[in-house]
Amino acid sequence: MIRCMEQEKEFLTDLDNAIADGDHGINMARGFCAVEQKIADFGSKDIGTVLKTAGMTLVSAVGGSAGPLYGTAFMKSGMIMNGKNEMNISDFIECIKVSVEGIMQRGKAVRGEKTMLDAMIPSLEAMEKAFSDGLSDKEIIEHGVEAAKNGVEFTKTIAATKGRASYIGERSIGHQDPGATSYTFLLDVVANAL
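Because the structure is predicted, anything quoted here is derived from the model rather than measured.

Novice: How would you sum up the overall build of the protein chain? Please name residues and give values.
Specialist: In terms of regular secondary structure, the protein chain is built from 9 helices and 0 strands. Counting from the amino terminus, the protein chain carries its helices and strands in the arrangement α-α-α-α-α-α-α-α-α. Taken against the 2.2 N^0.38 rule, which gives 16 Å for 194 residues, the C-alpha radius of gyration of the protein chain at 16 Å falls within 12% of a compact globule. With 194 residues in all, the protein chain has 49% of them scored as buried. Taking contacts inside the protein chain between residues at least 6 apart in sequence as the whole, the part at least 24 apart equals 66%. About 9,300 Å² of surface is accessible on the protein chain, with carbon and sulfur atoms providing 52% of the total. When the 20 positive and 27 negative side-chain charges of the protein chain are each reduced to one mean point, those points stand 6 Å apart.

Novice: Help me get a handle on the packing of aromatic side chains, residues and values and all.
Specialist: The description of two aromatic rings rests on the distance between their centres and on the angle between their planes. Considering all chains together, one arrives at 2 aromatic pairs under this definition. Look at Phe-11 and Phe-185: their rings are 6.1 Å apart centre to centre, the planes differ by 50°, and that puts the pair in the tilted class. With a gap of 174 residues between them, Phe-11 in helix 2 (residues 9-19) and Phe-185 in helix 9 (residues 178-193) connect regions that are remote in the sequence. The interplanar angle of 70° and the centroid separation of 6.2 Å between the aromatic rings of Phe-32 and Phe-74 together place this pair among those described as edge-to-face. Here Phe-32 is found in helix 3 (residues 24-42), whereas its partner Phe-74 is found in helix 5 (residues 66-80), with 42 residues between them in sequence. Taking the relative accessible area as the measure of exposure, Phe-32 reaches 3% and is therefore buried. Judged by relative accessible area, Phe-74 falls into the buried class, the value being 14%.

Novice: With reference to specific residues and values, describe helix 8 (residues 137-155).
Specialist: Taking 1.5 Å per residue as the helical rise, helix 8 with its 19 residues ought to reach 27 Å, and the 27 Å between its terminal C-alpha atoms agrees with that figure. Considered for burial, the residues of helix 8 that qualify are Ile-140, Ile-141, Gly-144, Val-145, Ala-147, Ala-148, Gly-151, Val-152 and Thr-155.

Novice: So what's going on with the nonpolar core? Residues and values would help.
Specialist: In terms of nonpolar packing, the biggest core is built from 46 residues, with Met-5, Phe-32, Tyr-70, Phe-92, Met-127, Ile-141 and Tyr-183 touching the most fellow members. Each residue touching Met-127, except ones within four places of it in the same chain, is listed here: Phe-92, Ile-93, Ile-96, Ile-140, Ile-141, Gly-144, Tyr-183 and Leu-187.

Novice: So what's going on with the side chain of Thr-57? Which residues, and what values?
Specialist: Looking at the secondary structure, you find Thr-57 in helix 4 (residues 47-61). The class of Thr-57 is buried, set by a relative accessible area of 5%. Within the structure, the side chain of Thr-57 is placed 2.7 Å from the backbone oxygen of Thr-53, a separation counted as a polar contact. Each residue touching Thr-57, except ones within four places of it in the same chain, is listed here: Gly-31, Ala-34, Val-35 and Lys-38.

Novice: An account of helix 2 is needed here, citing residue identities and associated values.
Specialist: In an α-helix there are 3.6 residues to a turn, and that puts residues three or four apart on one side. Taken together, the buried positions of helix 2 are Leu-12, Thr-13, Leu-15, Asp-16 and Ile-19. An end-on view of helix 2 places all buried positions within 160° of arc, on one side of the element. Of the exposed residues in helix 2, the ones pointing more than 90 degrees away from its buried face are Glu-10 and Asp-14. Summarising the contacts, the buried residues of helix 2 are in contact with helix 1 (2-7), helix 3 and helix 9.

About the cut-offs
- Residues numbered from 1 in each chain as written.
- Predicted model: local features only at pLDDT ≥ 70, side-chain atom pairs only at ≥ 80, totals over all residues.
- Heavy atoms only, no water.
- Helix = DSSP H or I, 4+ residues; strand = E, 2+ residues; numbered from the N terminus.
- Rg over C-alpha atoms; globule rule 2.2 N^0.38 Å.
- Buried < 20%, exposed > 50% of the residue type's maximum accessible area, 1.4 Å probe, protein only.
- Contact = heavy atoms within 4.5 Å.
- Areas by Shrake-Rupley, 256 points an atom, 1.4 Å probe, with all protein chains shown as cover.
- Lys, Arg positive; Asp, Glu negative; His and termini not counted.
- Charge placed at Lys NZ, Arg CZ, Asp CG, Glu CD.
- Phe/Tyr/Trp six-rings, centres within 6.5 Å; stacked < 30°, edge-to-face > 60°.
- Expected span 1.5 Å × (residues − 1).
- Core = buried A, V, L, I, M, F, W, Y, C linked by side-chain atoms within 4.5 Å.
- Polar contact = N/O pair within 3.5 Å; in protein donor to acceptor, adjacent residues only side chain to side chain.
- Arc of directions from axis to C-beta.

Laid out in structure tokens, this is it:
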């Protein structure tokens, strides 16, 4: 995830430049770089502690709305994984679920407002269905990535009604949401890791 955010920094920044203040890629790379500096401290800590630490680091290091939103996602996931040293696919799906809930609450947003939720919610639904269909862990997450990518494409067709992009309203149509894109990149990292 750290390498991905560094590699995609300029692309995400360009996306954000088109509809907002142009700092999403820079902020995400800075935040994940700050998380990287904490990795040595993780040692043998449980997954919950690692995720909560990552979340708090993102909140403090990432500017704009992305810091609190991604921070919330990691901290909520950390609560689910508290005391655990292994994560199975059911845990992972639950982490995405509580992340969506936390982001909806913190951002006061719902699906269809041209936000990261437009990738997150479809990916969650796709992973839940793939899980219930008995697919492999990798297939489950791949279904999630595909649904997230479709969600990113959907954001091009709607006007932003939340965040800084809402300031330009209808002029945001035709542009994909940077937050939905960064989420999709991060989920793809997980799929590739498997």
